[in-house]
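These are the residues of each chain, in order.
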Amino acid sequence: QLLGNQDHIKVELEKLKKTYDSQQQKLEERVIAMGKELQQAKGAIGDTQHKLAEQSAVLLTSQSQLQEVEAENSRLQLRLKELNEEYRSRLTQYIKDVADYMDSKSSNVTGPSKAPADHAHMKHFVDSMLKDIRASYKSREEQLAGAARGYKKRMKNLVKKHENLLIAYGLQREQIQSLGSSAMDCGPAELHFSITDPELLTNATRELNRLREDKAKLEMQLHELQKVVAGLLAFCGGETGGSVHDQNLLFCPRQPDEEGWAEVRKQLREFAHTTQEDLEQERSQLLTRAIVAEEQVSELQEYIDKHLAR
């Protein structure tokens, strides 16, 4: 029967070969199309990166120009203040000179109606006028200084409230993260909402921002470690069946168990601690070896200096 069905088998083989060839051709065409799409995507990404670099350069240039303009504005404001002071002093002196001139001219006028007490009338008038002007300037300066102090006080209160809100926000994020559920969005890190204005930053605020930055980096590293642990547990579960079921219950990121996550954090801390101890021990050993090597080198150098020359 096998010998009699060779023609039928050949026909079937030809059909299978044609089907395979057609599928292989379709697959190659699909691969070529995907390659073209990949090249286009790479080109679009390159264009986007180029535009982003250009925009970053423009932003840096604009920021530097803004700083230069702010410095020039401050310099011009200081110069304007100096010119105002000079103008006020000159104007005061001119008015005094005019008053002295008018009083001297009036003292030279002769007549029965001219009294000696009226000789300095213009000077007294100018002195009283200048006194009123100085008093008005002083009151205005005190008013502006009080407004500036009130503004700084309000800004300090706002900064304190902002810091308290950031602390409460950080505690809320930690509570959400302690639940261990990946479905909940904890929101961006506290560093995203930190104050960056140099005029409002104090030393304590700068230190807090630095600690928030370190915390954000550690959170990213913890998230990556969670992904790695989840992948390893999934792989181990697929390889060994149900032998790591208990570990999956403890380490799986999808398990909303606070005790499990506490155990994960504890094991990560222990791992980091043991790794640090090993590195410090290795560092101490290397330092010891380096000291011994330096002593041997010094002895050899001394031997060469003493005996080789002789």
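Worth saying up front: this structure is predicted, and the values here are computed from it rather than measured.

## A look at the packing of aromatic side chains
If you walk through the whole model with that rule in mind, you get zero aromatic pairs. Above the plane of the ring of Tyr 137 lies Arg 88, whose end atom (NZ or CZ) is 3.8 Å from the centre.

## A look at the side chain of Thr 92
If you trace the backbone, Thr 92 turns up in helix α1 (residues 6-108). At 2.7 Å, the side chain of Thr 92 forms a polar contact with the backbone oxygen of Arg 88. In contact with Thr 92, other than residues within four places in its own chain, are Leu 130 and Arg 134.

## Some remarks on helix α2 (residues 121-178)
Between the first and last C-alpha of α2 there are 85 Å, a value that for 58 residues agrees with the 86 Å anticipated at 1.5 Å per step. If you check which residues of α2 are buried, you get Val 126, Leu 130, Val 159, Glu 163, Leu 166, Gly 170, Arg 173 and Ser 178.

## Re the UniProt feature "coiled-coil region" (unreviewed entry) in the chain
Per the UniProt record, "coiled-coil region" (unreviewed entry) is found at residues 59-93 and 201-228. Spanning residues 59-93, this segment combines 100% helix with 0% strand, and its end C-alpha atoms are found 50 Å apart. Along residues 201-228 one finds 93% helix and 0% strand; the C-alpha atoms at either end are 38 Å apart.

## Brief notes about the layout of surface pockets
Here the second largest pocket defines a volume of roughly 540 Å³. When residues of the lining of the second largest pocket are traced back to their parent elements, those giving at least two are α2, α3 (203-240) and α5 (258-308). With seven residues, α3 is the single largest residue contributor to the lining of the second largest pocket. Among the residues forming the lining of the second largest pocket, the class breakdown is seven nonpolar, three polar and five charged.

## Details of a negative patch on the surface
On the surface, a cluster of negative charge is made up of Glu 277, Asp 278, Glu 280 and Glu 282. Mapped onto the fold, Glu 280 is located in helix α5.

## A short note on the pattern of salt bridges
Enumeration according to the criterion identifies five salt bridges in this entry. Here Glu 72 makes a salt bridge to Arg 75, at a shortest N to O gap of 2.2 Å. One end of the pair is Glu 72 and the other is Arg 75, both in helix α1 and three residues apart, which spans about a single turn. Judged by relative accessible area, Glu 72 falls into the partly exposed class, the value being 34%. Under the relative-accessibility criterion, Arg 75 is labelled partly exposed at 49%. Among the ionic pairs, Glu 86 bridges to Arg 90, the shortest N-O distance being 2.7 Å.

## Comments concerning the side chain of Glu 163
Of note, Glu 163 is situated in helix α2. Given the relative accessible area of 9%, Glu 163 is considered buried. Leaving out residues up to four positions away in the same chain, Glu 163 has contacts with Thr 205, Leu 208 and Arg 212.

## Thoughts on the confidence of the model for the chain
In this model, the chain carries a mean pLDDT of 77, and residues with pLDDT of at least 70 account for 82%. Looking at the elements of the chain, mean pLDDT is at its lowest for helix α4 (residues 245-251), recorded as 44, and at its highest for α1, recorded as 86. Predicted confidence for residues 112-117 stays below pLDDT 50, and this span has three contacts to residues more than four positions away or in other chains. The low-confidence segment residues 239-256, where pLDDT is below 50, has 28 contacts with residues more than four positions distant or belonging to other chains.

## Quick notes on a nonpolar patch on the surface
Together, Val 98, Tyr 101, Met 102, Met 122 and Phe 125 give the surface a local cluster of nonpolar side chains, amounting to about 480 Å² of exposed area. Secondary structure elements with two or more residues in the nonpolar patch: α1 and α2. Tallying contributions element by element places α1 first for the nonpolar patch, with three residues. Along the chain, the position of Tyr 101 falls in helix α1.

Rules used in this analysis
- Residues numbered from 1 in each chain as written.
- Predicted model: local features only at pLDDT ≥ 70, side-chain atom pairs only at ≥ 80, totals over all residues.
- Heavy atoms only, no water.
- Phe/Tyr/Trp six-rings, centres within 6.5 Å; stacked < 30°, edge-to-face > 60°.
- Lys NZ or Arg CZ within 6 Å of the ring centre and 35° of its normal.
- Helix = DSSP H or I, 4+ residues; strand = E, 2+ residues; numbered from the N terminus.
- Polar contact = N/O pair within 3.5 Å; in protein donor to acceptor, adjacent residues only side chain to side chain.
- Contact = heavy atoms within 4.5 Å.
- Expected span 1.5 Å × (residues − 1).
- Buried < 20%, exposed > 50% of the residue type's maximum accessible area, 1.4 Å probe, protein only.
- UniProt positions renumbered as here; feature names shortened; annotations may be inferred.
- 1 Å grid on protein atoms, 1.4 Å probe; cavity = no way out; pocket = protein on both sides within 12 Å on 5 of 7 lines; lining within 4 Å.
- Points joined across faces, edges and corners; volume = space filled by probe spheres on them.
- Nonpolar A, V, L, I, M, F, W, Y, C, P; charged D, E, K, R; others polar.
- Patch = residues over 30% accessible without salt bridge, like charges linked within 9 Å, V, L, I, M, F, W, Y side chains within 5 Å.
- Areas by Shrake-Rupley, 256 points an atom, 1.4 Å probe, with all protein chains shown as cover.
- Salt bridge = Lys/Arg side-chain N within 4 Å of Asp/Glu carboxyl O.
- Lys, Arg positive; Asp, Glu negative; His and termini not counted.
- Charge placed at Lys NZ, Arg CZ, Asp CG, Glu CD.
- pLDDT = per-residue confidence, 0-100.

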